[in-house]
Amino acid sequence: MPAETPVNRRLLVTSALPYANGPIHIGHLVEYLQTDIWVRFQKLTGNRCVYVCADDTHGTAIMIRARQEGRTEVELIADMQRQHETDFADFLIEFDNYGSTNSEENRQLCGELWASIRKAGLVKEQEVQQLFDPEAGTFLADRFVRGTCPKCGAADQPGDNCSSCGSAYTPADLVNPVSTLSGATPEVRTAPHLFIELEKLHGFLRDWVETSDALQPEIANYLKGHFLGPKDKPLELRDWDISRPAPYFGFEIPDAPGNYWYVWFDAPIGYIASTQQWCDKQTVQGNVEKLDDWWRSGDCEVHHFIGKDITYFHTLFWPGMLKTAGLALPTKVHIHGFLTVGGEKMSKSKGTFVNARTYLNHLDPQPLRYYYASKLSARVDDFDLTLDDFVSKVNTDLVGKVVNLASRAAKFVEKTGLSKEYPDDGGLFEQAAAAGDEIAAAYERCDYSHAMRLVLACADRANPFVEENKPWELRKDPANTDRVQEVCTIALNLFRQIAIYLAPVLPKLAQQTGELLNDPITSWDQSQTPLVGTPVAKFQHLMQRVETEKVQAMIDETKQNAAAAAGEPEASAPGAAAGTTFDDKWNDGPEPLATEPLAAECVYDDFTKVDLRIARVVEANHVEGADKLLQLTLSLGGGETRNVFAGIKKAYAPEDLVGRLVMYVANLAPRKMKFGVSTGMVAASGPGNEEVFLLSPDEGAKPGQRVH
RNA sequence: GGCCCGGUAGCUCAGUUGGUUAGAGCAGGGAACUCAUAAUUCCUUGGUCGGGGGUUCAAGUCCCUCCCGGGCUACCA
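Note that the coordinates shown come from a computational prediction; the quantities given were computed from them, not determined experimentally.

Draft legend 1. Up close: helix α5 (residues 202-211). Within α5, the full set of buried residues consists of His202, Phe204, Leu205, Arg206, Trp208 and Val209. Along its buried surface, α5 packs onto α6 (217-228), α9 (311-325) and β14 (332-336). In the stretch just after α5, aspartate 213 is the one whose phi turns positive, near 70°.

See the structure below:
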């Protein structure tokens, strides 16, 4: 489909902004993976696609938490943002820009949108009664108040409804209300709030919901049923309380001093602010990008990916705000359902409330990416992660069928490379190429499960081919050398075709496939033409099987974390604390430490003076006349390279170094050597000569990342 | 209570505008193979498509009704 349409689309894509009050978990990942796959697909097909996101940082919850932790909100949100960004990166989720709602760009844009909403006459002021905590000095959101139910008398009930009798009320109705922040008895106070009169946009919203094609049918239906009402008997859209009185962590409203925008006002504007940051970054790099080309242009599509819980905000308020401000309305709001684990809601005590980081401590990101893809459709349905199903699906589909194709063919052509011409394969390649359009269409409409099904069907046709042609038997007779090469050329091409189709889901596999066959995967169109005549690299496993034990360990760790957070005593791990004895089953000897005793204590600031970075060796050469040195060209990503001479010649062959990641001392003063200038050094342990051991980061590290 | 979405082989699901003996993957059973990460390939068991009624030459597919599961919302039409 992209082949026929030379005019590339321009797409701005967002995922909902994660709240800076907690870590990313596997439920969140449904959305970020869904979006990342879509974005990677769009980029692969040649569309101009920009993926922005940001941390959502404002609101009472952040303010309270920072207070409890004895630090500023800014410190708290910076810390959370670091964690979020690392988690995303390690799941191979690539944003073009990741910002924060607590940015100057956002403050400015909030002001602009606010001004237009004022100007449109949509703002009104009204007194609001709310409970106030006199000790904490703050107004209390419903969830920060508990008390006795006014109807049934059940004690210690939440501020909005009774868990015992189910009746709904406001916090002010509670008998003996208590602030969960301070334990103080809240008092009723009145404060003026600002409201946006959404009802004034009723006609526009109805029109947009019914005719824009931006919403899934079930969502349009839901909005009409619950908020807009039938055409002949419309419901009235409620005014939206958009301000909060001080103290509040957020942006102060310029024309209403002492009042702050409610977090849900500035959060979606964060999409635009993040785009602004991206534009600025591009412009600094010499590619001039203007915000208006992305948010006020008729030919740019805006796609939001969100969960069904925030439908209301993104399908009524947000289009209303955009319309009023003269900004682009969403082309599509892609709404997904929730993740269940083992058929139930994620649960901390059952160990199914798995944080992204906990997952990564035990497993690779690609299996989860694939599993989610195999389950996701364009509908709002929830989907289930069953642990056994996860293990068997990933192992059967990816390891057993897809990767197996390469695994069984590659080593027979390590010496010869691929055939010069693509042999007759009985139409297999062509058949799979023809499936490309349907697979692409499935990706485009977010029906990934359908796409995965189609791709796997290709693998199911390819494996019998290998089976029937038995390269392992052919090679026993030297007369068949050419035929072996042909058979493996076909098998590897069918594999590569699948790797291209799966590239949005499995970017790492695509990259490794490019390296294996010496032709990087960069475009969807590569699936339409066989690759011939390239050398084939030494085969390395492309993916590890998922082991049930590791999945279980992940669940166990989640349970332990939950127990620890709940204040339950945790079994102390042997040897966990410094200086304790432990069961030394490794039998590591004392010599290394004795040879080089620990250095004098230093403070953290001393450590930060050394800027350690991850770098990729992109070139490694022998140095004429040197018997210990190799000359390395290191990449820090983005085209940044450094020249380093490293004394590792006796331990490493240059060709084994190219491509690998190393730890690089980046800010070491350059040193003039006999053979040239060495900028920085590569970190290694060992006494020297043959015994030099370079350091490698774990899977997922990227060139340019600093080591903290 | 209202609204919405589902109920197809043991499990996860496909089934296009109603059209011939209802499909796939996994699991189960049997065999082959041994290049490959105990991977692969071939054959095979298995379903009154939630129940009932209706429309039609023809219904998993449309209509009515009931049962079950999930979601949203709530005593307001």
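Draft legend 2. Expanded view of the state of the cysteines. Tallied over the full model, the rule gives 0 disulfides. With no disulfide of its own, cysteine 458 lies closest to cysteine 488 among cysteine sulfurs, the gap being 19 Å. Note on cysteine 488: relative accessible area 1%, which makes it buried.

Draft legend 3. Representation of the packing of aromatic side chains within the structure. Evaluated as defined, the whole model comprises 31 aromatic pairs. Where tyrosine 32 meets phenylalanine 88, the ring centres are 4.6 Å apart and the plane angle is 50°; that geometry is what we call tilted. Remark: phenylalanine 88 occurs in helix α3 (residues 73-90) and tyrosine 32 occurs in helix α1 (residues 26-44); sequence separation between them is 56 residues. With 5.9 Å between their ring centres and 55° between their planes, tyrosine 443 and tyrosine 448 make a pair best called tilted. Owing to a relative accessible area of 0%, tyrosine 443 belongs among the buried residues under this scheme. Three or more aromatic residues link up through ring pairs in this structure, and these residues are Tyr222, Phe227, Trp240, Trp264, Tyr312, Phe313 and Phe317.

Draft legend 4. Layout of the protein's contact with RNA strand B. Around RNA strand B sit 28 residues in total, of which Lys233, Ser407, Arg453, Met543 and Arg545 are the nearest. Sugar and phosphate atoms constitute 71% of the interface atoms of RNA strand B, taking the interface as everything within 4 Å of the protein. Between a sugar or linking oxygen of RNA strand B and a side-chain N or O atom of glutamate 467, the distance comes to 2.9 Å. Mapped by element, the contributors of at least two residues to the surface near RNA strand B are α6, α12 (387-409), α15 (448-469) and α16 (471-474).

Draft legend 5. Geometry of the UniProt feature "binding site: ATP" (unreviewed entry) in chain A. According to UniProt, the "binding site: ATP" (unreviewed entry) feature falls on Lys348. Position of lysine 348 among the secondary structure elements: in the loop between β16 (344-345) and α10 (356-362). By relative accessible area, lysine 348 is classed as exposed at 53%. Those residues in contact with lysine 348, other than ones at most four positions away along the chain, are Phe353, Thr558, Lys559 and Ala562.

Draft legend 6. Region of interest: the confidence of the model for chain A. The predicted model of chain A has a mean per-residue pLDDT of 86, with 89% of residues at 70 or higher. Note that pLDDT drops below 50 for residues 1-6; the model gives that stretch 6 contacts with residues more than four away or on any other chain. Of the regions scoring below 50 in pLDDT, residues 568-587 engages in 6 contacts with residues more than four places distant in sequence or in other chains.

Draft legend 7. Just the sheet that holds strand β5 (residues 138-139), in detail. Taken together, the 4 strands give an open sheet; going across it, the order is β5-β4-β9-β10, and neighbouring strands pair in antiparallel fashion. Here the strands that pair on one side only, and so sit at the sheet edges, are β5 and β10 (240-241). Pairing between strand β4 (residues 123-133) and strand β9 (residues 187-196): 10 bridges, direction antiparallel. For lysine 124, the partnering residue across the bridge sits in β9 and is phenylalanine 195.

How each quantity is defined
Residues numbered from 1 in each chain as written. Chains lettered and ligands numbered in written order. Predicted model: local features only at pLDDT ≥ 70, side-chain atom pairs only at ≥ 80, totals over all residues. Heavy atoms only, no water. Buried < 20%, exposed > 50% of the residue type's maximum accessible area, 1.4 Å probe, protein only. Helix = DSSP H or I, 4+ residues; strand = E, 2+ residues; numbered from the N terminus. Contact = heavy atoms within 4.5 Å. Disulfide = S-S within 2.5 Å. Phe/Tyr/Trp six-rings, centres within 6.5 Å; stacked < 30°, edge-to-face > 60°. Near = heavy atom within 4 Å. Polar contact = N/O pair within 3.5 Å; in protein donor to acceptor, adjacent residues only side chain to side chain. UniProt positions renumbered as here; feature names shortened; annotations may be inferred. pLDDT = per-residue confidence, 0-100. Pairing = 2+ DSSP bridges.

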